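Here is how the chains run, residue by residue.
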Amino acid sequence: ADFAAFQAAIEAHREQIGARKVEADKEQVRKEKMELELRQLREVLEERQTALREAAAGIQNSGESISRLEHLLRDERSRTDKKSKERDVLLTKVGKQTAQSEDLAFTASQLVKEGGDRAVTLKMREDELSAHRREIARINEQIDGLSRRANGIEVKQHSLEIERTEYKRTLNGLDLKLKEAQRLHDVDRKAKE
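Criteria and cut-off values
- Residues numbered from 1 in each chain as written.
- Predicted model: local features only at pLDDT ≥ 70, side-chain atom pairs only at ≥ 80, totals over all residues.
- Heavy atoms only, no water.
- Helix = DSSP H or I, 4+ residues; strand = E, 2+ residues; numbered from the N terminus.
- Buried < 20%, exposed > 50% of the residue type's maximum accessible area, 1.4 Å probe, protein only.
- Contact = heavy atoms within 4.5 Å.
- Salt bridge = Lys/Arg side-chain N within 4 Å of Asp/Glu carboxyl O.

(A) Structural detail: the overall build of the protein. Each helix and strand in the protein was counted, giving two helices and zero strands. Counting the 193 residues in the protein, one finds 20% classified as buried. For the protein, restricting intrachain contacts to residue pairs at least 6 apart in sequence, the fraction spanning at least 24 positions comes to 89%.

Here it is in structure tokens:
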């Protein structure tokens, strides 16, 4: 009877050892799984931090490009305003000279017999008037060119504003994901402890 009890005790002990070994194996599997998840989480964190740095650099570059374009746009507008003022001055001169030319033409038609001086003066005025008109046409072409350049800069500036907004939106999204990943990491760490 003592021997049978002894064998039963040994068998019970073996069962306990087996149960503890199974539990230890399960614990090892859980530990390995948590370590794997932790490594994966760290990789995700590193990827998101890299993406955040790239997005921040993109926003900075976009801001610098916009500043340069705004400076160029101010310069183009300043040149356009200057050319517009020059055109207005020439238009005023042309208006005055047109009136003078018309007066001279009228006077010349009445005083042809008095000599060719009036005709010569009229011809000079007409030549001067033609030169001013050519100058106005040239300035108008310059103004049109400057306006086209300014419009191109405004379009590019708008495109960069949209790009910067997209960068900011991406950065905000990545920041939220990073915070969530950090929270999950803290939860897993506390659970492991």
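From this point, things continue past the structure.
(B) Just the environment of Gly63, in detail. The residue Gly63 is located in helix H1 (residues 2-110) in this model. A sequence separation of 101 residues divides Gly63 from Arg164, and the C-alpha atoms of the two residues are 7.3 Å apart.

(C) Expanded view of the pattern of salt bridges. One pass over the full model with this rule turns up eight salt bridges. For Glu154, the salt bridge identified is with Arg77, shortest N-O distance 2.5 Å. Of this pair, Glu154 sits in helix H2 (residues 117-192) while Arg77 is found in helix H1, placing the two residues 77 residues apart along the sequence. The exposure class of Glu154 is partly exposed, given its relative accessible area of 32%. Each of Glu23, Glu27 and Arg30 takes part in one network of salt bridges that share partners.

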